[in-house]
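Coordinate inspection notes
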Amino acid sequence: MDDLLTSYREAIETLFARTTSGIKPGLERTEALLAKLGSPHRRLSAVHVAGTNGKGSVVATVEALLRASGKRVGRYTSPHLIDFRERITVDGTPISEAAVLEFLERWIPAAEGIGATFFELTTALAFDWFIKQNVDLAVVETGLGGRLDSTNVLTPLVATVTSIGLDHTDLLGNTLEEIAREKAGIFKRGIPAVIGEQSQPIRSLLEGCARAAGAEPIVVIDNEYSINDVVVSPRGTSFTLTHGRDRYQLTTPLIGAYQARNTALAVATVSALGAGMLPPPAEISSALSNVFLPGRFQWRENIIFDVAHNPDGAHTIAATLRALNPPRPRTALVAVLADKDWRGIIQALGPVVDRFLFTNAPSAPVDRRWDPAEALTFARSQGFEADLEPDLGVALERGESSSGTLIITGSFHTVGDAMSRLQVSPFAA
């Protein structure tokens with residue numbers, strides 16, 4: 001076993017190092033690699049989910065609803081928090097180290113020959129694994145954007161876009177409209193499109209993109225569902241969901257008022273798969289109790305982990321902190337990738353925390369590491385109390401010992417590194 005784990009870790013390091021680390025938009029390399037594998041994506045029944053925020057919550061909820069209906073479900077998400085295997089699960093069980101090792105040893109040379117990126121090879125691994133595991137359905141999250149994301153080689157049974165925000169502007173466009181068009185690239189002719197965007201102008205744009213793509217039917221959450229009586233507690237989020245004559249009293253363990261909308265979007269997505277896919281109304285809350293999503297307002301003792309890495313995500317943290325009013329003093333332990341709008345994140349969180357503690361995420365790519373000293377200067381210029389501790393381990397000790405509540409946020413790297421040090425598992429119990 002030790003030999004296997006050593007070989008697995010070496011293989012993962014090779015995957016990171018030897019496949020092109022950068023992002024190369026386009027589907028041709030993924031198609032070429034999958035062709036060598038026998039084109040497993042052509043045999044895969046899938047739900048495809050894109051969006052700036054909310055993808056992970058919707059994917060996790062769709063998975064729970066489908067499993068409650070007796071389906072064998074694969075889940076492909078990114079990035080991971082601690083262990084690469086978090087990205088690829090079947091019925092909640094991560095792909096084995098041995099399977100990852102076998103695949104990489106066999107296919108890394110071919111991937112290198114094609115010039116495939118890390119994400120493209122990982123996507124091929126996921127689709128290959130799901131076919132080998134005989135999944136009934138795979139719930140697949142886009143990595144970046146939609147139109148040119150390597151997961152878009154799929155022809156899914158349903159395509160869902162959650163929300164649109166300003167993120168990855170260097171690759172997807174500088175306006176919400178440009179980003180929306182990229183995300184809408186997952187809509188396909190004759191395939192149901194589900195749209196969760198709240199902003200009316202962007203929602204209309206997505207609807208127009210779905211029509212232009214020939215998607216059918218087009219389900220716009222705000223036109224067909226209503227969400228009322230939202231109550232947020234440390235145990236989850238309860239609300240009433242109305243759809244036509246159906247009225248559901250639902251509770252999700254995911255915390256935050258916005259999780260009512262994500263849950264509604266997941267319900268609409270599963271409904272769009274056809275009759276019999278959604279559990280009976282009386283059983284939906286029971287199905288939702290099995291939703292597990294690490295790093296999304298995950299509350300453990302006096303620590304809250306949240307992977308928010310853009311201002312929209314930080315505003316949702318702030319709204320949830322206001323709703324729950326966790327103990328003070330509240331410290332936001334923050335490390336953000338340099339290419340993100342960290343100023344917007346600081347401005348969103350500042351009013352609801354008592355101080356910032358800026359640090360570094362050791363796993364962050366060297367070329368994307370931020371300068372926490374610059375963040376310190378900015379936060380103080382905004383009138384927020386702030387301090388600097390470059391060493392994450394020391395920052396965690398300081399934050400825990402001096403806070404009623406410690407909020408760890410800013411990126412997947414930050415949350416994953418902190419969870420690893422605090423021995424919090426990214427897998428369901």
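The shown structure was predicted, so the numbers you read here are calculated from the model rather than taken from an experiment.

Here the structure, examined in full by the defined rule, presents 19 salt bridges. The shortest N-O distance in the salt bridge between arginine 343 and glutamate 374 comes to 3.2 Å. With arginine 343 in helix α13 (residues 342-349) and glutamate 374 in helix α14 (residues 372-381), this pair connects stretches of sequence that are 31 residues apart. Judged by relative accessible area, arginine 343 falls into the partly exposed class, the value being 37%. Look at the salt bridges and you will find they share partners, linking Glu63, Arg67, Arg72, Arg75 and Asp91 into a network.

Turning next to the sheet that holds strand β14 (residues 330-334). Reading across the sheet, the six strands line up as β12-β13-β17-β14-β15-β16 and stay open at both edges, with mixed pairing between neighbours. Two strands close off the open sheet at either side, each with one partner strand: β12 (298-300) and β16 (386-388). On average, each strand axis in the sheet is tilted by 20° relative to the strand beside it, whichever way the strands run. Pairing geometry for β12 and strand β13 (residues 303-306), over three bridges, is antiparallel. Each bridged residue has a counterpart across the sheet, and for tryptophan 299 the counterpart in β13 is isoleucine 304.

Within the sequence span of helix α15 (residues 392-401), burial applies to Leu392, Ala395, Leu396 and Gly399. Angular distribution of buried residues about the axis of α15 spans 100°; they occupy a single face of the element. Projecting away from the buried face of α15 at angles above 90 degrees are the exposed residues Glu397 and Ser401. Buried residues in α15 make contact with β14, β15 (355-358), β17 (405-409) and α16 (412-422). By the N-cap criterion, in which a side-chain oxygen at the helix start approaches the backbone nitrogen of a residue two or three places on, α15 is capped by aspartate 391, the distance to glycine 393 being 3.0 Å.

Let's shift gears to the nonpolar core. For soluble globular proteins, the rule of thumb is that nonpolar side chains tend to be buried together. Judged by nonpolar contacts, the single largest core of 38 residues is most densely connected at Leu104, Leu121, Phe127 and Phe130. Mapped onto this core, the elements with two or more residues apiece are α1 (2-18), α2 (28-36), β3 (88-90), α4 (97-114), α5 (118-132) and β5 (137-141). Ignoring any residue separated from it by four or fewer positions in sequence, one finds phenylalanine 130 in contact with Leu44, Gly74, Arg75, Tyr76, Ile88, Thr89, Val90, Val135 and Ala138.

So, on to α2. Listing the buried residues of α2 in full gives Arg29, Thr30, Leu33 and Leu34. Buried residues along α2 cover an arc of 130° about the axis, so they all sit on one side. Those residues of α2 that are buried are in contact with α4 and α5. Once α2 finishes, glycine 38 follows within two positions and takes phi at roughly 90°, a positive value.

With that settled, the discussion passes to the environment of proline 362. Relative to the elements of secondary structure, proline 362 occurs in the loop between β15 and α14. Ignoring anything within four residues of it in the chain, the contact list for proline 362 reads Arg369, Leu392, Asp417 and Arg421.

Conventions adopted
Residues numbered from 1 in each chain as written. Predicted model: local features only at pLDDT ≥ 70, side-chain atom pairs only at ≥ 80, totals over all residues. Heavy atoms only, no water. Salt bridge = Lys/Arg side-chain N within 4 Å of Asp/Glu carboxyl O. Helix = DSSP H or I, 4+ residues; strand = E, 2+ residues; numbered from the N terminus. Buried < 20%, exposed > 50% of the residue type's maximum accessible area, 1.4 Å probe, protein only. Pairing = 2+ DSSP bridges. Axes fitted to C-alpha atoms, helices over the stretch in contact; angles between N-to-C directions. Arc of directions from axis to C-beta. Contact = heavy atoms within 4.5 Å. Polar contact = N/O pair within 3.5 Å; in protein donor to acceptor, adjacent residues only side chain to side chain. Core = buried A, V, L, I, M, F, W, Y, C linked by side-chain atoms within 4.5 Å.

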